[in-house]
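Architecture and fold: a report
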Amino acid sequence: KSLGMLQHDRAKFDEAFNYHQQAIDIGRQLVADFPAVLQYRSDLASSYTDLGLVEKNRGKWNESLVAQQQALAISKNLVEETPDVADYRFQLAGQYHNVANLQTRLGQHDQAEDHYEKAIAASKRLVEENPAVTKYRNHLAKHYGDLGELQKNAGKQEEAWASHQLALTMRKKL
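An account of the accompanying structure is given in this report.

Of regular secondary structure, the protein possesses eight helices and zero strands. If you list the helices and strands of the protein from N to C, you get α-α-α-α-α-α-α-α. Taken over the C-alpha trace, the protein has a radius of gyration of 17 Å; the compact-globule value for 174 residues is 16 Å, and the two agree within 12%. Principal axes of the C-alpha set define a box for the protein whose edges measure 50 × 35 × 25 Å. Counting across all 174 residues of the protein, residues that qualify as buried make up 43%. Considering only contacts within the protein whose residues lie at least 6 apart along the sequence, 55% involve residues at least 24 apart.

Packing of helix H4 (residues 61–81) against helix H5 (residues 86–105) brings their axes to within 9 Å, and their N-to-C directions diverge by 155°. Taken together, H4 and H5 sit at an angle that is classed as roughly antiparallel. You can see that H4 and H5 cross each other, and the crossing is left-handed. For the pair H4 and H5, contact is made by Trp61, Ser64, Leu65, Gln68, Gln69, Ala71, Leu72, Ser75, Lys76, Leu78 and Val79 and by Tyr88, Arg89, Gln91, Leu92, Gln95, Tyr96, Asn98, Val99, Leu102, Gln103 and Arg105, respectively. Classifying every residue of the contact of H4 with H5 by side-chain character gives 11 nonpolar, eight polar and three charged.

The next subject is the packing of aromatic side chains. With the rule as written, the count across this model stands at two aromatic pairs. An angle of 50° between the planes, with centres 5.3 Å apart, marks the rings of Phe90 and Tyr136 as tilted. Taken together, the residues Phe90 in helix H5 and Tyr136 in helix H7 (residues 134–153) connect sequence positions 46 residues apart. Taken as a pair, Phe90 and Tyr136 share a single burial class, namely buried.

Considering all chains together, one arrives at 11 salt bridges under this definition. A salt bridge links Arg41 to Glu81, with the nearest nitrogen and oxygen atoms 2.8 Å apart. Placement of Arg41 in helix H3 (residues 38–57) and of Glu81 in helix H4 is noted, with a sequence separation of 40 residues between them. Residue Arg41 is classed as buried on the basis of its relative accessible area of 14%. Measuring nitrogen to oxygen at the nearest pair gives 2.7 Å for the salt bridge that ties Glu129 to Arg125. Placement of both Glu129 and Arg125 in helix H6 (residues 109–129) is noted, with a separation of four residues, approximately one turn of the helix. When salt bridges that share partners are traced, they join Asp84, Arg89, Arg125 and Glu129 into one network.

Considering the arrangement of structural elements, one finds Asp25 in helix H2 (residues 13–33). The class for Asp25 is partly exposed, based on a relative accessible area of 42%. Spatially, the C-alpha atoms of Asp25 and Glu159 are 42 Å apart, while their sequence positions differ by 134 residues.

Rules used in this analysis
- Residues numbered from 1 in each chain as written.
- Predicted model: local features only at pLDDT ≥ 70, side-chain atom pairs only at ≥ 80, totals over all residues.
- Heavy atoms only, no water.
- Helix = DSSP H or I, 4+ residues; strand = E, 2+ residues; numbered from the N terminus.
- Rg over C-alpha atoms; globule rule 2.2 N^0.38 Å.
- Buried < 20%, exposed > 50% of the residue type's maximum accessible area, 1.4 Å probe, protein only.
- Contact = heavy atoms within 4.5 Å.
- Axes fitted to C-alpha atoms, helices over the stretch in contact; angles between N-to-C directions.
- Parallel < 35°, antiparallel > 145°, perpendicular 65-115°, else oblique.
- Left-handed = near helix turned anticlockwise from the far one by under 90°.
- Nonpolar A, V, L, I, M, F, W, Y, C, P; charged D, E, K, R; others polar.
- Phe/Tyr/Trp six-rings, centres within 6.5 Å; stacked < 30°, edge-to-face > 60°.
- Salt bridge = Lys/Arg side-chain N within 4 Å of Asp/Glu carboxyl O.

The following block contains the structure:
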């Protein structure tokens, strides 16, 4: 996985893709061999997220969305099994956001709005339960801001205004 990110950072996306695919293959095997080790599933979701980023940077938007949706599915299962683990809920919120960003780019606006709202719901709970953790508030502000942009571009000016106001409120609390 680290080799994939190094290649990604050097804009060597084909090589990065290969390393991320290897990380996914290893991650799948670890999950199959040790299903009780939840960290392996979380790591596998992260590997799919990284692969999705590489695919996006290669201009392969649909493939990126598929990878992000795979990450999302894994994270949903983790949170269903362990709803009190904040790290898994934070990961899930981020993956809802990643999927929403790609759906926005692909013109799937209704689905994107739904995923932004799910990211917001997950992040709100994290902020309420962990008010001292600023990264949760920062990500919640980002979710609201991107939802507001989607709403603005869809001609939903009042909703966009409200979303941007909520983003600003969150940022002021950082």
